[in-house]
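If you want the building blocks of each chain, they are given just below.
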Amino acid sequence: FSLASLEHSLTAVNLADLVDAACAATVIGVAKPNVAAYQFASRALGMLPEECLFFDDEIECVMGGQAAGMHAYWVDRQRATHAIEENIVCDLTAIPQILAELGKNSALVRK
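## A word on a nonpolar patch on the surface
Consideration 1: Taken together, the side chains of V13, L15, L18 and V19 define a hydrophobic patch exposed on the protein surface, amounting to about 350 Å² of accessible area.
Consideration 2: Within the element layout of this structure, L18 appears in the loop between helix 1 (6-12) and helix 2 (25-28).
Consideration 3: When its relative accessible area of 65% is taken as the criterion, L18 is described as exposed.

Pasting the structure below:
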């Protein structure tokens, strides 16, 4: 959707202090699932794509995140449980478990 100002919108809903980088497709000129959108977001965060977790409820966008090198997970709200090994979660309560697993398998997880 188009926004007059993403920053003003975040401020209006009291979220601006919680967002490190806001990347609107209308501003950056590319949208998910284009790999360039994910690369833009990781650069805006000062991170490598493989240092990022990405969650979306559209499988095409998850595939775009994976193609960019991110740890990308499909949020399937119809599920009752997570299937983290399949990159499927039912909600964001899976984040601590995902971080723990990544910490076991990767030196990229920041402490």
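## Side note on the pattern of salt bridges
Consideration 1: Tallied over the entire structure, the rule returns two salt bridges.
Consideration 2: One salt bridge in this structure joins D56 and K32, with 2.7 Å as the shortest N-O distance. Here the residue D56 occupies a position in strand 1 (residues 53-56), and K32 occupies one in the loop between helix 2 and helix 3 (35-45), the gap between them amounting to 24 residues.
Consideration 3: Overall, D56 belongs to the buried group, its relative accessible area being 8%.
Consideration 4: Linking R77 and D57 is a salt bridge whose minimum nitrogen-to-oxygen distance equals 3.4 Å. With R77 in the loop between strand 2 (71-75) and strand 3 (88-89) and D57 in the loop between strand 1 and helix 4 (59-68), this pair connects stretches of sequence that are 20 residues apart.
Consideration 5: Assessed through its relative accessible area of 58%, R77 is described here as exposed.

## A look at the packing of aromatic side chains
Consideration 1: Inspection of the entire model under this criterion finds two aromatic pairs.
Consideration 2: With a centroid separation of 5.1 Å and an interplanar angle of 85°, the aromatic rings of Y38 and F54 are classed as edge-to-face. Taken together, the residues Y38 in helix 3 and F54 in strand 1 connect sequence positions 16 residues apart.
Consideration 3: On the accessibility criterion, F54 (14% relative accessible area) is buried.
Consideration 4: When the centroid spacing of 5.5 Å and the interplanar angle of 25° are considered together, the rings of F55 and Y73 count as stacked. Within this pair, whereas F55 is found in strand 1, its partner Y73 is found in strand 2, the two being separated by 18 residues in sequence.

Rules used in this analysis
- Per chain, residue numbering runs from 1 following the sequence as it is written.
- Confidence filtering applies because this is a predicted model: local features only for residues at pLDDT of at least 70, side-chain atom pairs given and counted only at 80 or more, and all residues used for totals across whole chains, interfaces and linings.
- Note that water and hydrogens are dropped before the side-chain values are worked out from all heavy atoms of the structure.
- By definition, no residue in a patch forms a salt bridge, and every one has over 30% relative accessible area; like charges are joined within 9 Å, nonpolar side chains (Val, Leu, Ile, Met, Phe, Trp, Tyr) within 5 Å.
- Surface exposure here means Shrake-Rupley accessible area, sampled with a 1.4 Å probe, where a residue is shielded only by the protein chains that are shown.
- We define a salt bridge as a side-chain nitrogen of Lys or Arg found within 4 Å of a carboxyl oxygen belonging to Asp or Glu.
- Only DSSP runs of H or I with at least four residues qualify as helices, and only runs of E with at least two residues qualify as strands; both kinds are numbered from the N terminus onward.
- Only protein chains enter the accessibility calculation, which uses a 1.4 Å probe. A residue is then buried if its area is under 20% of the maximum for its type, exposed if over 50%, and partly exposed in between.
- A pair of aromatic rings is counted whenever rings of Phe, Tyr or Trp (Trp by its six-membered ring) have centres within 6.5 Å, and the orientation is called stacked for planes under 30 degrees apart, edge-to-face for over 60 and tilted otherwise.

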